[in-house]
Amino acid sequence: MRIGTRQVQSVLRYAVRPYVKNEVEAEAVEQLIGSLKKLMKGLSSARDIDILTDFLGSVEVRPGLVSEKSREELEEYLALDDEDASKSVLRLLDSEEYLKLRVALIELTQNLDMAVTLPLNAENFVNKVAKRIRKHLSSFLKADYKDLWELNPSTFAYDEVHNDVLFEIRRDAQAARYCLEAFEIAGIKLSKDHKKLRNYAGELHREISILSDENVVVRWLERSSRRAMNHQSDRLGIGYLLGRSSYYAVGLRMTQHSFVPAELKRIKKLDLK
């Protein structure tokens, strides 16, 4: 559901909002995008449970590092978080705000020709959207970000603050990928370069998502460590896993420091006519 929500938001962002007929419709679309963003945030706790379940399933008992008791305690923490996440999502989907969002999306779909200047030529329209996507993603190579890519790789890798820009690029690459995929789902043919743009954006999204998922694990282990301290439990196993995940994240940032700008340059060089 979170993926579907992101897909709808991506189409609104790149293929609808730039073509609204007036300021009233622009405000309505902007509110929809904001509501979808809020919905995604509300669903993120359930998404995190999936990531953490996969992580914990890979954790093996290792004498002197991760005891059986430590692993069981982590499973208990995850079960409590799973219950909280489920309740949170159910409250969200049962809210009046969610109902209003669904109604607004249906109304926009049914009255799209009144709100948006629809394209006469699908191929030309897709290319305009693709150019907008290329321009936005290429902006991460400009002056505001150039210094990051010129940093020593180790300096970049060992500072968690650089997660922020990587995750920003991830979100934008994901939106680009989903928007172009939506065109294909609708039966609109993509050119060779449009498909390249979709694929490059998808590669960016998938690569940085590995770090994003590991960040979820690191933050959860930090919370678990505080829980264990409050319950006077042994934190050795948690400390070991936290150190392992944190070091893995360093390695991922090291790799992405070269991969991300290289992929952005491939996007910038695409010949979109």
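All values derive from a computational prediction rather than experimental measurement.

## Re the overall build of the chain
No. 1: Helix and strand counts for the chain come out as 11 helices and 0 strands.
No. 2: Tracing the chain from N to C terminus, the helices and strands come up as α-α-α-α-α-α-α-α-α-α-α.
No. 3: With respect to the three principal axes, the spread of C-alpha positions in the chain is 70 × 50 × 30 Å.
No. 4: Summarising the internal contacts of the chain: among those between residues at least 6 apart in sequence, 80% fall at separations of at least 24.
No. 5: Summed over its atoms, the accessible surface of the chain is roughly 15300 Å², and 52% of this surface lies on carbon and sulfur atoms.
No. 6: Mean positive and mean negative side-chain charge positions of the chain (44 and 42 charges, respectively) differ by 7 Å.

## Structural notes on the packing of aromatic side chains
No. 1: This structure, assessed with the given rule, holds 4 aromatic pairs.
No. 2: Following the ring pairs from residue to residue traces out a cluster consisting of Tyr19, Phe125 and Phe183.

## Quick look at the nonpolar core
No. 1: In terms of nonpolar packing, the biggest core is built from 54 residues, with Val129, Trp149, Leu166, Ile169 and Phe183 touching the most fellow members.
No. 2: Breaking this core down by element, the ones donating at least two residues are helix H1 (2-16), helix H2 (23-57), helix H4 (96-110), helix H6 (122-138), helix H7 (143-149), helix H9 (163-185), helix H10 (192-230) and helix H11 (236-268).
No. 3: Broken down by element, the residue count for this core peaks at 10 residues, all from H9.
No. 4: Beyond its immediate stretch of four places on either side in the chain, Trp149 contacts Phe140, Leu141, Phe156, Leu166, Ile169, His257, Val260 and Pro261.
No. 5: Formed by 18 residues, the second largest nonpolar core is a distinct cluster that contains Val66, Leu78, Ile238 and Leu241.

## Quick word on the packing of H6 against H11
Pairs of packed helices are described in terms of their axes, by the angle between the two and the distance that separates them.
No. 1: Between H6 and H11, whose axes approach to 9 Å, the crossing angle comes to 145°. Between H6 and H11 lies a crossing whose hand is left-handed. Residue-level contacts link Arg134, Leu137 and Ser138 of H6 to Leu264, Ile267 and Lys268 of H11.
No. 2: For the contact of H6 with H11, a count of residues per class yields 3 nonpolar, 1 polar and 2 charged.

## Comments concerning the side chain of Arg177
No. 1: With respect to the helices and strands, Arg177 occurs in helix H9.
No. 2: Beyond its immediate stretch of four places on either side in the chain, Arg177 contacts Arg198, Ala201, Gly202, His205 and Arg206.

## Focus: the environment of Asn230
No. 1: Relative to the helices and strands, Asn230 resides in helix H10.
No. 2: Sequence separation between Asn230 and Ile49 is 181 residues; the distance between their C-alpha atoms is 22 Å.

## Description of the pattern of salt bridges
No. 1: Under the definition given, this model contains 14 salt bridges.
No. 2: Notably, a salt bridge pairs Glu97 with Lys38, separated by 3.2 Å at the nearest N-O pair. You can see Glu97 sitting in helix H4 and its partner Lys38 sitting in helix H2, a full 59 residues away along the chain.
No. 3: Because the salt bridges share partners, they merge into one network encompassing Glu160, Arg219 and Glu222.

## A few points about the packing of H1 against H9
No. 1: Orientation of H1 relative to H9, taken along the N-to-C sense of each, is 85°, at an axis distance of 8 Å. Considering their axes alone, H1 and H9 lie roughly perpendicular with respect to each other. From H1, Ile3, Arg6, Gln7, Ser10, Val11, Arg13, Tyr14 and Ala15 reach across to H9, where they touch Arg171, Asp172, Gln174, Ala175, Ala176, Tyr178, Cys179, Ala182 and Phe183.
No. 2: Here the contact of H1 with H9 is built from residues that sort into 10 nonpolar, 3 polar and 4 charged.

## Here's the deal with the environment of Met114
No. 1: By the secondary structure assignment, Met114 is in helix H5 (residues 112-115).
No. 2: When its relative accessible area of 56% is taken as the criterion, Met114 is described as exposed.
No. 3: With 88 residues separating them along the chain, Met114 and Ala26 place their C-alpha atoms 12 Å apart.

## Quick notes on H2
No. 1: In a regular helix each residue adds 1.5 Å, so 35 residues correspond to 51 Å; H2 covers 50 Å between its end C-alpha atoms and thus fits that length.
No. 2: Residue Ser44 marks the point of greatest curvature in H2, where the axis turns by about 40°.
No. 3: Its side-chain oxygen placed 3.1 Å from the backbone nitrogen of Val24, Asn22 serves as the N-cap of H2.

Criteria and cut-off values
Residues numbered from 1 in each chain as written. Predicted model: local features only at pLDDT ≥ 70, side-chain atom pairs only at ≥ 80, totals over all residues. Heavy atoms only, no water. Helix = DSSP H or I, 4+ residues; strand = E, 2+ residues; numbered from the N terminus. Contact = heavy atoms within 4.5 Å. Areas by Shrake-Rupley, 256 points an atom, 1.4 Å probe, with all protein chains shown as cover. Lys, Arg positive; Asp, Glu negative; His and termini not counted. Charge placed at Lys NZ, Arg CZ, Asp CG, Glu CD. Phe/Tyr/Trp six-rings, centres within 6.5 Å; stacked < 30°, edge-to-face > 60°. Core = buried A, V, L, I, M, F, W, Y, C linked by side-chain atoms within 4.5 Å. Buried < 20%, exposed > 50% of the residue type's maximum accessible area, 1.4 Å probe, protein only. Axes fitted to C-alpha atoms, helices over the stretch in contact; angles between N-to-C directions. Left-handed = near helix turned anticlockwise from the far one by under 90°. Nonpolar A, V, L, I, M, F, W, Y, C, P; charged D, E, K, R; others polar. Salt bridge = Lys/Arg side-chain N within 4 Å of Asp/Glu carboxyl O. Parallel < 35°, antiparallel > 145°, perpendicular 65-115°, else oblique. Expected span 1.5 Å × (residues − 1). Bend = angle between axes of the 7 residues up to and from the residue. Polar contact = N/O pair within 3.5 Å; in protein donor to acceptor, adjacent residues only side chain to side chain.

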